[in-house]
Amino acid sequence: RSDLDGQCNEVPPKFYYFFSLKNNISIFPQSHVTLKVTKWGGAMERYEVLIVGGGPAGLAAALSTARMGIKTKIVDSGEARNAPSEHLNNFPTRDGIHPQKWRELAVEDLRKYDEVEFLQDRVLDITNTLDGFEILFEKSQAAMVNKIVLATGIKDQFPSIENIKPLWGKKVFHCPFCHGHELKA
């Protein structure tokens, strides 16, 4: 924040939230901690918000931050869970759309906001510092962020059934809401 201008200021909230992927979230009452914030002066890029995951939840979060004028970076591996599926359902105005087409439309909506940047990469580590969170990426230069949205989705664990992977999303389904209507007899 430019209003800090190199000075130290006490942070006034009643609770402080310290977050790291290596640890659980810890909440400390204000009486137990005095946190000083100084102006960040590093060479890394700085963002207000980092969104980890470019699926429906991550892109929806990015639309909200973009419309509020918040500098946001979305990092996504490009490996969508629903890539094998032929359609995406339960999305108003887009029921039955191909998942990749939906993502393209959502990204197109976000491109009109200068506050949003996209990065195809993986987050390797998040370190809590007094100046925010330092983000270490697999391929890209590290960055500093003030807030993190984890929208990573889930990874399917396939049962030990021979030849199940080629059928996933075509003949074998994980979600009755996504595919049940089309398959009912």
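Refer to the structure presented above.
A brief report on the enclosed structure follows. In this convention, every chain numbers its residues from 1, walking through the sequence in written order. Note on the predicted model: pLDDT of at least 70 is required for a residue's local features to be given, and 80 or more for side-chain atom pairs to be given and counted; whole-chain, interface and lining totals, by contrast, use all residues. Side-chain figures throughout are based on the complete set of non-hydrogen atoms in the structure, without hydrogens or water.

### Considering the nonpolar core
Phase 1: Throughout this description, the term nonpolar core refers to a set of buried Ala, Val, Leu, Ile, Met, Phe, Trp, Tyr and Cys residues connected via side-chain atoms within 4.5 Å. Partly exposed residues are those whose accessible area sits between 20% and 50% of the maximum for their type, while under 20% is buried and over 50% is exposed, using a 1.4 Å probe and protein chains only. Ranked by size, the top nonpolar core spans 15 residues in total, and within it Ile51, Leu59, Ala62, Ile74, Trp102, Leu110 and Val116 carry the most contacts.
Phase 2: Segments assigned H or I by DSSP are reported as helices when at least four residues long, segments assigned E as strands when at least two residues long, and all are numbered from the N terminus. Among the secondary structure elements, those contributing two or more residues to this core are strand 5 (45-52), helix 1 (56-67) and helix 2 (99-111).
Phase 3: Sequence-distant contacts of Trp102, that is, excluding residues within four places in its chain, are made with Gly55, Pro56, Leu59, Leu88, Phe91, Arg94 and Ile97.
Phase 4: In this structure, Leu50, Leu119, Phe133 and Ile148 belong to the second largest nonpolar core, which totals 12 residues. Here, residues are in contact when the closest pair of their heavy atoms is within 4.5 Å.

### A closer look at helix 2
Phase 1: Helix span, as expected, comes to 1.5 Å for every residue beyond the first. Between its terminal C-alpha atoms helix 2 stretches 18 Å, which fits the 18 Å expected from 13 residues at 1.5 Å a residue.
Phase 2: Restricting attention to buried positions, one finds in helix 2 the residues Pro99, Trp102, Arg103, Ala106, Val107 and Leu110. In an axial view of helix 2, the angular spread of the buried residues amounts to 130°, which keeps them on one side of the axis. Turned more than 90 degrees from where helix 2 packs its buried face, Glu108 and Arg111 sit exposed.
Phase 3: At its buried positions, helix 2 is contacted by helix 1, strand 6 (72-76) and strand 7 (116-120). Of all possible arcs, the one meant is that of the directions from the helix axis to the C-beta atoms.

### A short note on the side chain of Asn82
Phase 1: Relative to the helices and strands, Asn82 is located in the loop between strand 6 and helix 2.
Phase 2: Contacts described as polar in this section are N or O atom pairs within 3.5 Å, which, within protein, must combine one atom able to donate a hydrogen with one able to accept it, while residues neighboring in sequence count only if both atoms come from side chains. Within the structure, the side chain of Asn82 is placed 3.0 Å from the side chain of Arg103, a separation counted as a polar contact.
Phase 3: When residues no more than four places from it in sequence are discounted, the contact partners of Asn82 are Leu88, Pro99 and Arg103.

### Structural notes on the sheet that holds strand 6
Phase 1: At least two DSSP bridges between two strands are required for those strands to pair. Ordered by their spatial adjacency, 6 strands build an open sheet running 7-6-5-10-9-8, and the pairing between neighbours is mixed. Edge positions in the sheet fall to strand 7 and strand 8 (123-129), since each of these pairs with one other strand and no more. Between one strand axis and the next, the sheet turns through 40° on average, direction left out of account.
Phase 2: As paired elements, strand 5 and strand 6 share 4 bridges and run parallel to each other. Every axis in this analysis is a line fitted to C-alpha atoms, fitted for helices over the stretch in contact. Angles between the N-to-C directions lie between 0 and 180 degrees.

### Describing the packing of helix 1 against helix 2
Each pair of packed helices can be summarised by the angle the axes make with each other and by the distance between the axes.
Phase 1: For the pair helix 1 and helix 2, the least separation of the axes is 10 Å and the interaxial angle reads 15°. Here helix 2 runs roughly parallel to helix 1, going by the angle between their axes. You can see that helix 1 and helix 2 cross each other, and the crossing is left-handed. Contact residues: Pro56, Leu59, Ala62 and Leu63 in helix 1; Trp102, Arg103, Ala106, Val107 and Leu110 in helix 2.
Phase 2: When residues are sorted by character, Ala, Val, Leu, Ile, Met, Phe, Trp, Tyr, Cys and Pro go into the nonpolar class, Asp, Glu, Lys and Arg into the charged class, and all the rest, Gly among them, into the polar class. Here the contact of helix 1 with helix 2 is composed, by residue class, of 8 nonpolar, no polar and 1 charged. Oblique is the label for any angle not under 35 degrees, not over 145, and not in the 65 to 115 range, which are roughly parallel, roughly antiparallel and roughly perpendicular in turn. The hand of a helix crossing depends on one turn: near helix anticlockwise from the far one by less than a right angle means left-handed, and clockwise means right-handed.

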